Amino acid sequence: MARDSQAALVALNRFGFGARGGASGDLINAASDPRGFVKAELGRPNGVLLEAPGLQSTPQLGQAVFAYQDQVKQARDAAAKAAAPIEAQPTAEQKPVLRRNLSLNAAATEIAGQMAEAKPADNAAKPETMQPNAAAPPAAKPAPQPLNVIQKTFRAEALARLQRATLVECGFTERLVVFWSNHFCISAGKGELARIWAGAFEREAIRPHVLGRFADMLKAVEQHPAMLFFLDNQQSLGPDSRAGQNRKRGLNENLAREIMELHTLGVGGGYTQSDVTSLARIITGWTFAGRQGQLGTPGSFVFNTNAHQPGAQMLLGKSYEATGLAQGEAALADIARHPSTANFIAAKFVRHFVADEPPPALVARLREIFVKTDGDLKALATALVDSDEAWKAPLTKMRSPYDFLVASGRLLARVPEDPGHYLNGLNLLGQPLWSPSGPNGFADTNAAWAAPEGMKLRLDIAAQIGARLGNNIDPLDLLEFAAADAASIETRRAVERAESRQQALALLLMSPEMQRR
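Residues numbered from 1 in each chain as written. Predicted model: local features only at pLDDT ≥ 70, side-chain atom pairs only at ≥ 80, totals over all residues. Heavy atoms only, no water.

**Q** Please give an account of the overall build of the protein chain that cites residues and values.
**A** Each helix and strand counted, the protein chain has 27 helices and four strands in total. Counting across all 517 residues of the protein chain, residues that qualify as buried make up 50%. Within the protein chain, counting contacts between residues at least 6 apart in sequence, those at least 24 apart form 73% of the total. About 24000 Å² of surface is accessible on the protein chain, with carbon and sulfur atoms providing 52% of the total. (Helix = DSSP H or I, 4+ residues; strand = E, 2+ residues; numbered from the N terminus. Buried < 20%, exposed > 50% of the residue type's maximum accessible area, 1.4 Å probe, protein only. Contact = heavy atoms within 4.5 Å. Areas by Shrake-Rupley, 256 points an atom, 1.4 Å probe, with all protein chains shown as cover.)

**Q** Explain helix 7 (residues 149-167) to me, and be specific about the residues and the numbers.
**A** Between its first and last C-alpha atoms helix 7 spans 27 Å; for 19 residues at 1.5 Å apiece the expected length is 27 Å, and the two agree. The N-cap residue of helix 7 is Asn148: its side-chain oxygen and the backbone nitrogen of Ile150 are 2.9 Å apart. (Expected span 1.5 Å × (residues − 1). Polar contact = N/O pair within 3.5 Å; in protein donor to acceptor, adjacent residues only side chain to side chain.)

**Q** Describe in detail the pattern of salt bridges, supporting the description with residues and values.
**A** A side chain with one charge can pair with a side chain of the opposite charge if their charged atoms come near. Considering all chains together, one arrives at 26 salt bridges under this definition. A salt bridge links Asp418 to Arg155, with the shortest nitrogen-to-oxygen separation between them at 2.9 Å. Of this pair, Asp418 sits in the loop between helix 20 (401-411) and helix 21 (420-429) while Arg155 sits in helix 7, and the two are 263 residues apart along the sequence. Of the residues examined, Asp418 reaches a relative accessible area of 44% and is grouped as partly exposed. Taking the relative accessible area as the measure of exposure, Arg155 reaches 26% and is therefore partly exposed. (Salt bridge = Lys/Arg side-chain N within 4 Å of Asp/Glu carboxyl O.)

**Q** Residues and numbers for the nonpolar core, please.
**A** For soluble globular proteins, the rule of thumb is that nonpolar side chains tend to be buried together. Counting 138 residues, the largest nonpolar core has Phe15, Phe172, Trp180 and Phe349 as the members making the most contacts within it. Among the elements that make up this core, the one with the highest residue count is helix 9 (residues 192-206) (nine residues). The contact partners of Trp180, leaving out residues within four places of it in the chain, are Ile206, Val210, Phe214, Met217, Ile345, Phe349 and Leu377. (Core = buried A, V, L, I, M, F, W, Y, C linked by side-chain atoms within 4.5 Å.)

**Q** Break down the side chain of Arg517 for me, citing the residues and quoting the values.
**A** Mapped onto the elements, Arg517 comes out in the segment after helix 27 (512-515). At a separation of 2.6 Å, a polar atom in the side chain of Arg517 contacts the main-chain carbonyl oxygen of His352. Residues contacting Arg517, with those up to four places away along its chain left out, are Asn13, Arg14, Arg175, His352, Phe353, Leu395, Thr396, Lys397, Met398, Arg399, Asp403 and Asp444.

**Q** Which residues make up unusual backbone geometry, and what values do they have?
**A** With a phi angle near 65°, Asp232 is a residue other than glycine that sits in the positive phi range. Here Asp232 is to be found in the loop between helix 11 (225-230) and helix 12 (242-247). Since its relative accessible area comes to 13%, Asp232 is described here as buried. Phi at Asp374 takes a positive value of approximately 60°, unusual for a residue other than glycine. Assignment of secondary structure puts Asp374 in the loop between helix 17 (360-372) and helix 18 (377-386).

**Q** I'd love a proper account of the environment of Leu325, names of residues and values included.
**A** Relative to the helices and strands, Leu325 resides in helix 15 (residues 325-336). Owing to a relative accessible area of 26%, Leu325 belongs among the partly exposed residues under this scheme. Each C-alpha atom, one on Leu325 and one on Val302, is 9.4 Å from the other, the two residues being 23 residues apart in sequence. Leaving out residues up to four positions away in the same chain, Leu325 has contacts with Gln223, Trp286, Phe301 and Phe303.

**Q** An account of the side chain of Thr264 is requested, with residue identities and associated values reported.
**A** Mapped onto the fold, Thr264 is located in the loop between helix 13 (254-263) and helix 14 (273-282). On the accessibility criterion, Thr264 (0% relative accessible area) is buried. Of note is the side chain of Thr264, whose polar atom sits 2.6 Å from the backbone oxygen of Ile259. Excluding its chain neighbours within four sequence positions, the residues that come into contact with Thr264 are Phe214, Leu218, Ile259, Ile335, Ser340, Thr341 and Phe344.

**Q** Describe helix 8 (residues 172-183), naming the residues involved and giving the relevant values.
**A** For helix 8, with twelve residues, the first-to-last C-alpha span of 16 Å sits near the 16 Å given by 1.5 Å per residue. Of all the residues in helix 8, the buried ones are Phe172, Thr173, Glu174, Arg175, Leu176, Val177, Val178, Phe179, Trp180, Ser181 and His183.

**Q** Go over the confidence of the model for the protein chain with me, naming the residues and quoting the values.
**A** Taken as a whole, the protein chain shows an average pLDDT of 90; of its residues, 87% reach a score of 70 or greater. Every residue in residues 97-135 is under pLDDT 50, and counting partners more than four places away or in other chains gives 44 contacts. (pLDDT = per-residue confidence, 0-100.)

**Q** Can you tell me about the packing of aromatic side chains, naming the residues and giving the values?
**A** The final tally for this structure, using the stated rule, is 18 aromatic pairs. Consider the rings of Phe15 and Phe353, whose centres lie 6.4 Å apart with planes at 25°: the pair is stacked. Pair noted here: Phe15 is in the loop between helix 1 (2-14) and helix 2 (26-32) and Phe353 is in helix 16 (residues 339-353), with a separation of 338 residues, a long-range link. Each member of the pair Phe15 and Phe353 is classed as buried. (Phe/Tyr/Trp six-rings, centres within 6.5 Å; stacked < 30°, edge-to-face > 60°.)

**Q** So what about the packing of helix 21 against helix 23 (residues 452-469)? Which residues, and what values?
**A** Viewed as axis vectors pointing N to C, helix 21 and helix 23 meet at an angle of 155°, and their least axial separation amounts to 10 Å. Considering their axes alone, helix 21 and helix 23 lie roughly antiparallel with respect to each other. Seen from above, helix 21 lies across helix 23 with right-handed handedness. Here helix 21 contributes Gly425, Leu428 and Leu429 to the contact with helix 23, which in turn contributes Gly454, Leu457, Arg458 and Ile461. Looking at the contact of helix 21 with helix 23 residue by residue, the classes come out as four nonpolar, two polar and one charged. (Axes fitted to C-alpha atoms, helices over the stretch in contact; angles between N-to-C directions. Parallel < 35°, antiparallel > 145°, perpendicular 65-115°, else oblique. Left-handed = near helix turned anticlockwise from the far one by under 90°. Nonpolar A, V, L, I, M, F, W, Y, C, P; charged D, E, K, R; others polar.)

**Q** Tell me about the packing of helix 4 (residues 58-83) against helix 9, and please be specific about residues and values.
**A** Where helix 4 meets helix 9, the closest approach of the two axes is 9 Å, and the angle between their N-to-C directions is 170°. By the angle between their axes, helix 4 is roughly antiparallel relative to helix 9. Only Glu192, Leu193, Ile196, Trp197, Ala200 and Glu204 of helix 9 make contact with helix 4, whose side of the interface consists of Thr58, Leu61, Gly62, Val65, Phe66, Tyr68 and Gln69. Taken together, the residues of the contact of helix 4 with helix 9 break down into eight nonpolar, three polar and two charged.

**Q** Give a detailed account of the environment of Thr153, specifying residues and quantitative values.
**A** Along the polypeptide, Thr153 turns up in helix 7. Under the relative-accessibility criterion, Thr153 is labelled buried at 13%. Here the alpha-carbon distance between Thr153 and Leu55, two residues 98 residues apart in the chain, equals 7.6 Å. Filtering out sequence-adjacent residues up to four positions away, Thr153 remains in contact with Leu61 and Ile196.

Following this line, the structure appears as structure tokens:
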């Protein structure tokens, strides 16, 4: 049984988000057929898609942002207009009016259709007549401002993702979504459009292709408005295009460079600076329709012929004829099939799931699968699960903050109803949701997450969870759900000898069985 439990632990931790608490029996189910348990999710491709009430498409969200921004601008303009004529010192009667007009937050609360109406605090301080030399009364705590459409959308998208990760049986396909979303990352910190589009980008460009073809995912990602906005391709104009000549502006190479360096070929993948420039020219005109909708539905991908660099282009030793949008799509299709892309993806895939130092034989095998199947990502995932290396390698990879928080929620059988605890925890631990600091995404090695300061913050969160939930939970029962007899003697003793249930729960959450994958 110990061997079966160890294999089950690998199935749940290496390929998924850990066992769920309660009566789910995940560890038992995984122990009976570990490989079959993991691969079962690969046979349900529609299970990767994520639909939830209220989640909208990228164009719908784009239009919502544009409308919200217009309304905020109108509120600002109205406030400025109301304030402009007043030059003398305001009277006591004028002050409340000025404060209301000059406050952007107050004006924003009146925007209909985008935000709920703010409610005054029940214990708001009453105005008092000030006496000479009297101490000023303490300032009233401001009532919380209602969420705007951008915040509401981000939280709804986060909640849908967290609930899916908490409820799935194994979580392998969700782990694949996280991997590819971090590979083709955008950052919600870029601006309002990036924040409202972050979840939709993952739902529309990543999830439909996680068990499909790499070339299709690549095309969907690079043509998604969120990626075009994140890497500024909407600002890129062919120098010889009509728009480029009129505006005296030229190329922006951000997207082209990251396609080659981070998305496909990798550093040292055989491309040059001239290839980056050529690809940047090829994808000029790839943009999204703006708020006026002159090129199409606001917030949708469009090809702007007037911004596209005319003429054939030489890229990676091949000439691509001037065929407009098709020129860029042909270039992406070829890059997806380049040998360097197969090398780069195979190594990164193994590094994520198996070890910081990927076993060379396994990387070579997955590279061959990638080439032979024309980038079939389901075949790639299946080959990983079928490999002996993936099962024999010790669980030494440190869970990322996201993996750790989701694994803790699963073990505690807590289906999130509000994303706040998770979002705050991710911010604290240095992995804010959909918000890496750069286009290379979050780091995927132990060095990034096992630093002492990071572990101290994890301990603080584990202690908070223990203090909040420990009274009603038996940590030894949870240990059985998490690892059964695959749990180490040290972990079992630490939980048994804890001074309280709260402390025992915190120790369990910080144990290798919960921190390693």
